[in-house]
Amino acid sequence: MRLLGKERSSETQGPGRVQVDGVDCYYLQTQALNSAYLTVQPGEVIGLVGPNGSGKTTLLKAISGVLRPQVGIITLDDVDVYRIKPKRLAQQMAVVPQSTDTFFFDFTVEEVVLMGRSPHINFLGTESTHDFDVVQKALEMTDVARFADRKINELSGGEQQRVIIARALAQEPKILLLDEATSQLDIGIKIEIFDLVRRLAASGIAVIAAIHDLNLAAQYCDRLLLLKRGEIIADGTVEEVLTQEHIAEAFGVSAFVRKHPITNAFSITLLPRHTPGERSSAKVHVIPGGGKGAPVIHALVQRGLSVSAGVVNTLDTDYEVAQYFSIECAVEAPFSPISSEVHSRNLQLIQEAAIVVLPNICFGPANLKNLEAAELAADKLVIVEETPIESRDFTHGVAQRIYGDLRSNSPVFAELTTLLAYVESHIG
Ligand code: ADP
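Things to note about the site of the ligand
Line of reasoning, step 1. If you check the shell around the ligand, you find Tyr27, Ala32, Pro51, Asn52, Gly53, Ser54, Gly55, Lys56, Thr57 and Thr58 and nothing else.
Line of reasoning, step 2. Within the backbone of Ser54, one N or O atom sits 3.1 Å away from an oxygen atom of the ligand.
Line of reasoning, step 3. Note that an oxygen atom of the ligand is positioned 2.9 Å from one of the side-chain N or O atoms of Lys56.
Line of reasoning, step 4. Protein chains bury 57% of the 560 Å² of accessible surface belonging to the ligand in isolation.
Line of reasoning, step 5. The greatest single-element share of the shell around the ligand, amounting to three residues, is contributed by helix α2 (residues 56-63).
Line of reasoning, step 6. Looking at the shell around the ligand residue by residue, the class counts come to three nonpolar, six polar and one charged.

Structure below.
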């Protein structure tokens, strides 16, 4: 009795708050984690992102009581995780590893999920009706109930992984640790599992997930930790962590980050490297509009050409891309007609350009001046025409008339690639 009482007093019964406080971890002499700090509250979804070998798994191992830190402390509801008995810890915390281990080979799906109940089962080892109810619920939540009687080794990798997640849920944890748990799964199942993760979080479970896919992390996590070589180099909201600078620092790649138009989550597009400062002296000016300028600007910058753009409205994707590549721009306020001042600036940029590119954009009263600017100031205009101007003219024929004049004196290309080859050969 005394022993049981002592165990209870030193172990956690709280809501499931994890604190990682100044933790260093080593594998023999090799340091894998350096001075890690993290606080996770019930209901939060924390994503661990970073390149391979940056320490994500190590941090999860340390939190789950598997790899004792050399320095620092990890607590669950203010109790040192390494002072909590493994069975008691397993009642609070469940881990879903990267891939399914084969040691479950001969068990049925239901048996594997029932194993998740073992931390809750009494010393006689008999399962109660409640245990079977929890297992059934876990099978249903992960959509594997229909496989309940099948051997786990007869399922696909994705189905097996869902069974392992069901097993973790059967533990009824307060904290769920996912180590790249969906990286082997197809995108539909990834989304299903992370939707489930959000529902679990809404019910008060704290989730800490190492996630390879930055877009998935951006879409589903409340907060992110970005690791590089064992150090947490950024910790905060998705917006604070997944900046172009941080992604370049951690992964050594260029990325374009913007809010996705459908999900409103931050969306990350990885780009081929470009080297600022190696651009040509001859300029190419792009007339942007409705996102049609963005791929042209990107392609020209990739080819080392010096690019300008205008007039572009500040809420347009073309503006974001122009900003990303730090190119000169004539910029107008969102949804505003082009003012005479900005028009003059655009005329100046067009005059300075050896070639002006007119992509397949639409014309309305607000941007008609861009077409007039091309007519007035472009020395050499090249046109991308994917659809007839009639379908893109919202100016009662004014744009069509100007466009028609320009078209009769300019090379016209049906696609961007041939236009780019032309521009390159003319600029050299
Ligand atoms: P991540 O999960 O971000 O890919 P890990 O936490 O697995 O990174 O690894 C962090 C570092 O620790 C890496 O340099 C890796 O080589 C090293 N490491 C991981 N596991 C072991 C191990 N069992 N023994 C020795 N070194 C290890």
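Some remarks on the sheet that holds strand β9 (residues 223-228)
Line of reasoning, step 1. Taken together, the six strands give an open sheet; going across it, the order is β6-β7-β8-β3-β9-β10, and neighbouring strands pair in mixed fashion. Looking at the sheet topology across the chains shown, the edges are occupied by β6 (93-96) and β10 (231-236). Direction aside, the axes of adjacent strands within the sheet are offset by 15° on average.
Line of reasoning, step 2. Bridge count between strand β3 (residues 45-49) and strand β8 (residues 206-210): four bridges; the pairing is parallel. In the strand pairing of β8, Val45 is matched with Val207.
Line of reasoning, step 3. On the sheet, α2 packs against β3, β6, β7 (175-179), β8 and β9 and is oriented at approximately 150° with respect to β7.
Line of reasoning, step 4. Sheet strands in contact with helix α10 (residues 244-251) are β9 and β10, and its direction is about 35° off that of β9.

Some remarks on the pairing of β8
Line of reasoning, step 1. Of all five residues in β8, five are buried, a share of seventy percent or more.
Line of reasoning, step 2. Residue alternation in β8 divides its side chains into two sets, Ala206, Ile208 and Ala210 and Val207 and Ala209, and both sets are buried.
Line of reasoning, step 3. Sheet topology places β7 next to β8; five bridges connect them, and they run parallel. Within the sheet, the bridge partner assigned to Leu178 lies in β8 and is Ala209.

Digging into the layout of surface pockets
To locate leftover empty space, one rolls a probe as large as a water molecule over the atoms.
Line of reasoning, step 1. By volume, the second largest pocket is sized at about 320 Å³.
Line of reasoning, step 2. Contributing to the lining of the second largest pocket are 16 residues, with Gly289, Gly290, Asn313, Asp316 and Phe335 lying nearest its centre.
Line of reasoning, step 3. Here the residues of the lining of the second largest pocket are counted per class, giving nine nonpolar, six polar and one charged.

Re the pattern of salt bridges
Line of reasoning, step 1. All told, the structure shown has 15 salt bridges when counted by the stated rule.
Line of reasoning, step 2. Where Lys292 meets Glu386, a salt bridge forms, and the shortest distance between an N and an O atom there is 3.6 Å. Taken together, the residues Lys292 in the loop between β13 (283-286) and α11 (293-302) and Glu386 in the loop between β17 (381-384) and α15 (398-408) connect sequence positions 94 residues apart.
Line of reasoning, step 3. With a relative accessible area of 37%, Lys292 lands in the partly exposed category.

Focus: the packing of aromatic side chains
Line of reasoning, step 1. On inspection of all chains with the given rule, the structure shows four aromatic pairs.
Line of reasoning, step 2. Judged by centre distance (4.8 Å) and plane angle (80°), the rings of Tyr324 and Phe325 are edge-to-face. Phe325 carries the same exposure label as Tyr324, and that label is buried.

Focus: the nonpolar core
Line of reasoning, step 1. Counting 56 residues, the largest nonpolar core has Val113, Leu176 and Leu242 as its most contacted members.
Line of reasoning, step 2. The contact partners of Val113, leaving out residues within four places of it in the chain, are Val135, Ala138, Leu139, Val163, Ala166, Arg167 and Ala170.

Structural notes on the sheet that holds strand β1 (residues 18-27)
Pairing between sheet strands relies on hydrogen bonds along the backbone, with the strands arranged either parallel or antiparallel.
Line of reasoning, step 1. Judged by pairing direction, the sheet is antiparallel, and its four strands sit side by side in the order β2-β1-β4-β5 without closing on themselves. A single partner strand is all that each edge strand has here, and the edge strands are β2 (30-40) and β5 (79-80).
Line of reasoning, step 2. The pairing of strand β4 (residues 71-76) with β5 spans two bridges and is antiparallel. If you follow Leu76 over to β5, its bridge partner there is Val79.
Line of reasoning, step 3. Each of β1, β2 and β4 is contacted by α2, which is oriented at about 115° to β1, the strand it contacts most.

Criteria and cut-off values
Residues numbered from 1 in each chain as written. Predicted model: local features only at pLDDT ≥ 70, side-chain atom pairs only at ≥ 80, totals over all residues. Heavy atoms only, no water. Near = heavy atom within 4 Å. Polar contact = N/O pair within 3.5 Å; in protein donor to acceptor, adjacent residues only side chain to side chain. Areas by Shrake-Rupley, 256 points an atom, 1.4 Å probe, with all protein chains shown as cover. Helix = DSSP H or I, 4+ residues; strand = E, 2+ residues; numbered from the N terminus. Nonpolar A, V, L, I, M, F, W, Y, C, P; charged D, E, K, R; others polar. Pairing = 2+ DSSP bridges. Axes fitted to C-alpha atoms, helices over the stretch in contact; angles between N-to-C directions. Contact = heavy atoms within 4.5 Å. Buried < 20%, exposed > 50% of the residue type's maximum accessible area, 1.4 Å probe, protein only. 1 Å grid on protein atoms, 1.4 Å probe; cavity = no way out; pocket = protein on both sides within 12 Å on 5 of 7 lines; lining within 4 Å. Points joined across faces, edges and corners; volume = space filled by probe spheres on them. Salt bridge = Lys/Arg side-chain N within 4 Å of Asp/Glu carboxyl O. Phe/Tyr/Trp six-rings, centres within 6.5 Å; stacked < 30°, edge-to-face > 60°. Core = buried A, V, L, I, M, F, W, Y, C linked by side-chain atoms within 4.5 Å.

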